[in-house]
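One-letter residues, chain by chain:
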Amino acid sequence: MSESETHSRLVRATIAAVQEWAAGSALDLWADHPATAEHPAPFVIGQSQADLIAIRRDTRVSVIGEAKTRRDIENPHTLRQLKEYYEFLLTQPAGLLWLSVPLGAGGQALRVAKTVRRDTKCERVGLIVSEWLLGTCDIETRWNV
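Figured I'd write up the structure that's included with this text. Predicted model only: the values in this text are computed from it and were never measured.

Let's shift gears to the nonpolar core. Within soluble globular proteins, side chains that are nonpolar generally end up buried alongside one another. Formed by 22 residues in total, the largest nonpolar core has its most connected members in I64, Y86, L97, V101 and V129. Contributions of two or more residues to this core are made by α2 (76-90), β6 (94-102), α3 (106-119) and β7 (126-133). Ranked by the residues each element gives to this core, the list is headed by α3, at five residues. Among residues more than four places away in sequence, those in contact with V129 are L99, V101, G106, A109, L110, T141, R142 and W143. Judged by nonpolar contacts, the second largest core, of 18 residues, contains I15, V18, L29 and I128.

In this section: unusual backbone geometry. Not every positive phi belongs to a glycine, and R60 is a case in point at roughly 65°. For R60, the location among the structural elements is in the loop between β4 (52-56) and β5 (61-67).

The next thing to look at is helix α1 (residues 3-21). Along an α-helix, a turn takes 3.6 residues, which lines up residues three or four apart on a common side. Between its first and last C-alpha atoms α1 spans 26 Å; for 19 residues at 1.5 Å apiece the expected length is 27 Å, and the two agree. Each element contacted by the buried residues of α1 is listed here: β1 (27-31), β4, β5, β6, β7 and β8 (139-144).

As a further point, take the packing of aromatic side chains. Under the counting rule described, the total for this entry stands at three aromatic pairs. Between W30 and F43, the aromatic rings sit 5.5 Å apart at their centres with planes inclined by 80°, giving edge-to-face as the arrangement. Here the residue W30 occupies a position in strand β1, and F43 occupies one in the loop between β1 and β2 (44-45), the gap between them amounting to 13 residues. An aromatic cluster is present here, built from W30, F43 and F88 joined pairwise through their rings. Lying across the ring of W21, R56 places its NZ or CZ 5.1 Å from the centre.

What counts as what
- Residues numbered from 1 in each chain as written.
- Predicted model: local features only at pLDDT ≥ 70, side-chain atom pairs only at ≥ 80, totals over all residues.
- Heavy atoms only, no water.
- Core = buried A, V, L, I, M, F, W, Y, C linked by side-chain atoms within 4.5 Å.
- Buried < 20%, exposed > 50% of the residue type's maximum accessible area, 1.4 Å probe, protein only.
- Helix = DSSP H or I, 4+ residues; strand = E, 2+ residues; numbered from the N terminus.
- Contact = heavy atoms within 4.5 Å.
- Expected span 1.5 Å × (residues − 1).
- Phe/Tyr/Trp six-rings, centres within 6.5 Å; stacked < 30°, edge-to-face > 60°.
- Lys NZ or Arg CZ within 6 Å of the ring centre and 35° of its normal.

Laid out in structure tokens, this is it:
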């Protein structure tokens, strides 16, 4: 599977996971997934555009979802994105960063995301890392830290 196909499938899986997480509540959702064109594109945060932004209308929890392929988890671009997302989420009534990665990359994603959260002093922002086995039926392992 190519990097772009993996990223696209991770975005699609993240959209479904966030919708399931918010089941039963109204959800405002922006997503960067051209294949479905089901949702408007996410707004820019700092210099970055997330793969997904969602706001639960009942609790006002703001979620930023970002999909990363194995080679894209730890580089200057991703570190800048995560910093901008955490700082934005800190200004919201409640915030959650949702990072989706392929199978085998969950540990690295947790380490990177927790380090950026600590360094930006945004510990009150929630973090979910979803590690996906992508196939005919996507399988997720989730860490909520």
